[in-house]
Structures are given as structure tokens and as C-alpha cells.
Protein chains: 2
Amino acid sequence: MKEEIQLETIKRCSSQYILALNDTLNVINGKWKLPIIGILLYGKKRFKELQREITKITPRMLSKELKDLENNGIVKRTVYDTTPVMVEYELTESGKTFNRVLDTMVEWGIEHRENILHK
Amino acid sequence: MKEEIQLETIKRCSSQYILALNDTLNVINGKWKLPIIGILLYGKKRFKELQREITKITPRMLSKELKDLENNGIVKRTVYDTTPVMVEYELTESGKTFNRVLDTMVEWGIEHRENILHK
DNA sequence: CGGTATCCTCACCGATACTG
DNA sequence: CAGTATCGGTGAGGATACCG
């Protein structure tokens, strides 16, 4: 588990607030999680498909990030008993609604660019 | 500048979208930026005040994170020509509206916890 | 196909001391 | 007060090779 951002230093905030924020940060955290989520928003994918669509990710990192996302309840992993074995990854309900967070981040980013230009 | 999350791998997204998202990620990025913003949301603070309110941050890191936030247009630094010198940090307009992003992150985090419990 | 195992680098961050 | 300088550890992530 990665060292967390020091949210507990915001003393005025409830621990509920901090736990929830940390959960969200854990989804964002790492170089490849948002790209993975971004692709899975369009539907189920197999390991090799993800690797092809995410330029330059190594299997090591893809495996690690998918495990993290699975442990955090963002991604569901399904193994089909075929030969050779087939594994599919898809977003959970939480994973799908994470879209809202991304949208808010993008909206703020766009407004921020406008704020800076108009000064 | 830190290496960016590989957003360009989400090929279906516009570069506008990716730039905006990266701007937002730059505000989040680092161990102490959210704590600093969280405190500055309550008003202007001096360097030493921030150091006191954020437990265990070293002046080195506080200085670095404040510079990053200033460069990103989130924090405004004002030097008063007194003796000894007095420096105040406050949020810009963008910094203040960043609250919306935090709120969305907290909302998602809370819903996510509920999703997990009800399974 | 769907991953592990190993090794290695570099940037993040802490500790400590010092400065204008 | 408001920082900077220097040193050093650690862990995220890349490269490459291999496995069932």
C-alpha cells in the first residue's frame, strides 16, 4: 500500500470525509489507473487488449494496476475456463460512476485554463 | 516537473480533455498539496502558520509544494515589506473553486463505500 | 494467452543544518 | 520569519526474460 497523502493534517475535516477522499485518491493514484479506467468505460477488455490499447505499459505494471483496481472494488476480473484461458476485466458499478469524478476534474481544468488566460 | 500519468493513451479523448485533466492531477499530485489547499480554504496564512497547522511537514517540502501551487495558479504569494519580512499565501479563484473537485471526490468515495457494503 | 521474476534507476521525500 | 543547501533512503515504475 502506497503512503497516503497526509489528509489527516486537515484537522477540521471529519474522518468520514478523509476516508472517502482517500478512497478516491487510491483510484487515481499510479501512472496507469486512469488510462485503464478510461478504456474500460467503453466495455469489457481482455488483458492483451488492454496492453495493446495502452501504449507502452508493460505486463508487470498492467497486472499490478489491475490488481489494485480489483482490490479497491473498481474492476471485476472474470476467468473463463477455456483453452487457452481467457480473462476479462470490466468496471464495477463504482467503477462506472467514477466517470462523474473524471468529468468534474475536466470541468475544473477547463475553467482553470480560462481563469489564467483572462488575467 | 513530475512525469505525467499516461493520459494520452486514452486515444478516444480529445487533447483538450487530457490537458484539463492533467491540470487537475497536477494540483492533487504530491503528498502535501491537498492539505495545504484544505487549510488555505479557510483564509490567508503565513509560511510559519502553514507549517504549524500541517503536522510534520518540513520547510523544504512546504516551500516546494507552495511553489508548485503558485506556478500552477492555485496559490498567490504576497510579500509585505516589513521587518522581519512577512509573506502571505492565499488561494486564487481557481484555488477556491477547486473545492468543487474535492466535494465530488468525497461524494464518490462515500457512495463507493456504500456500494461495497451492500454486496 | 495471461501473467511472474529479477534487476535497476531515478524522483520523491525526510532529516538536518544553515542563511538573509 | 521565510526560506535554501546538502545528503541520503525508499519505493514506484521500466526493461528484460521467463512460466503454466
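The structure this text deals with has already been given above.
An account of the accompanying structure is given in this report. (Residues numbered from 1 in each chain as written. Chains lettered and ligands numbered in written order. Predicted model: local features only at pLDDT ≥ 70, side-chain atom pairs only at ≥ 80, totals over all residues. Heavy atoms only, no water.)

1. A closer look at the relation of the copies chain A and chain B
To go from the first copy of the chain to the second, apply a rotation about an axis and then a shift along the same axis. The condition that has to hold: We place the copies in one frame by least squares, fitting the C-alpha atoms of every residue whose pLDDT is at least 70 in both. Every residue pair with non-hydrogen atoms within 4.5 Å of one another is taken to be in contact.
Mapping chain A onto chain B calls for a screw motion: a turn of 180° about the axis and a shift of 0.0 Å along it, with 0.1 Å RMSD after fitting. Such a combination of rotation and displacement between the chain copies is what one expects of a two-fold axis. Take the interface residues of chain A: 100% of them recur as interface residues in chain B, which is what a same-surface contact looks like.

2. Section: the protein's contact with DNA strand D
The following threshold applies: Neighbouring residues are identified by heavy atoms, a residue being near a molecule or strand if any of them is within 4 Å of it. Counting of polar contacts relies on pairs of N or O atoms within 3.5 Å, with two restrictions inside protein: one atom must be capable of donating a hydrogen and the other of accepting it, and residues adjacent in sequence are counted only when both atoms are side-chain atoms. Here a helix means four or more residues in a row that DSSP labels H or I, a strand means two or more in a row labelled E, and each is numbered from the N terminus. All residues other than Ala, Val, Leu, Ile, Met, Phe, Trp, Tyr, Cys, Pro, Asp, Glu, Lys and Arg, Gly among them, are scored as polar; the first ten of these are nonpolar and the last four charged.
Around DNA strand D lies a shell of 19 residues, among which K31 and R60 of chain A together with S63, R77 and Y89 of chain B are the nearest. Counted by atom, the contact set of DNA strand D within 4 Å of the protein is 65% sugar and phosphate. Within the contact set of DNA strand D, a phosphate oxygen lies 2.5 Å away from a side-chain nitrogen or oxygen of S63 of chain B. In the environment of DNA strand D, a phosphate oxygen lies 2.8 Å from a nitrogen or oxygen atom belonging to the side chain of K67 of chain B. When contributions to the surface near DNA strand D are tallied by element, the ones reaching two or more residues are α4 (59-71) of chain A together with α3 (47-53), α4 (59-71) and β3 (86-91) of chain B. The leading source of residues in the surface near DNA strand D is α4 of chain B, at four residues. Here the residues of the surface near DNA strand D sort into nine nonpolar, two polar and eight charged.

3. Points about helix α5 (residues 93-117) of chain B
What counts, and what does not: Multiplying one less than the number of residues by 1.5 Å gives the expected span of a helix.
Spanning 25 residues, α5 of chain B covers 38 Å between terminal C-alpha atoms, matching the ideal 36 Å at 1.5 Å per step. Those residues of α5 of chain B that are buried lie in contact with α1 (15-28) and α5 (93-117) of chain A together with α1 (15-28), α2 (33-40) and β3 of chain B.

4. Focus: the interface of chain A and chain B
This is how the line gets drawn: Buried area, as used here, totals the accessible surface that two parts lose on assembly, with accessibility defined by a 1.4 Å probe and the loss added over both. One side-chain nitrogen of Lys or Arg within 4 Å of one carboxyl oxygen of Asp or Glu is enough to make a salt bridge.
Contacts between chain A and chain B engage 52 residues on the former and 52 residues on the latter. The contact between chain A and chain B buries some 4800 Å² in all, and 62% of this surface belongs to carbon and sulfur atoms. At the surface where chain A touches chain B, the tally comes to four salt bridges. Among the ionic pairs, R113 of chain A bridges to D23 of chain B, the shortest N-O distance being 2.6 Å. Broken down by secondary-structure element, the contributors of at least two residues to the side of chain A that touches chain B are α1, α2 (33-40) and α5 of chain A. It is α5 of chain A that contributes the most residues to the side of chain A that touches chain B, 19 residues altogether. Split into classes, the residues belonging to the side of chain A that touches chain B amount to 25 nonpolar, 14 polar and 13 charged.

5. Some thoughts on the pairing of β3 of chain B
Residues and elements named next belong to chain B. Heads up, the condition is: When DSSP finds two or more bridges between a pair of strands, those strands are recorded as paired.
As paired strands, strand β1 (residues 45-46) and β3 are joined by two bridges and run antiparallel to one another. For R46, the partnering residue across the bridge sits in β3 and is E88. With six bridges joining them, strand β2 (residues 75-80) and β3 adopt antiparallel strand pairing. Bridge pairing in β3 links T78 to E88. Here β2 folds back onto β3, and the loop between the two strands holds five residues.

6. Here we look at α2 of chain A
Rule in force here: Burial classes: relative accessible area under 20% of the type maximum marks a residue as buried, over 50% as exposed, and values in between as partly exposed (1.4 Å probe, protein chains only).
Burial analysis of α2 of chain A places eight of its eight residues in the buried class, which makes it a mostly covered element. Along α2 of chain A, the positions that sit buried rather than exposed are K33, L34, P35, I36, I37, G38, I39 and L40 of chain A.

7. Some remarks on the side chain of K33 of chain A
Residue and element names in this part refer to chain A. Of note, K33 is situated in helix α2. Classification of K33 as buried rests on a relative accessible area of 1%. Within polar-contact distance, the side chain of K33 engages the backbone oxygen of N29 at 2.6 Å. At 3.4 Å, the side chain of K33 and the side chain of D68 are in polar contact. The contact partners of K33, leaving out residues within four places of it in the chain, are N26, V27, I28, E65, D68 and L69.

Interpretation note: all reported values are geometric properties and have no functional meaning in isolation.
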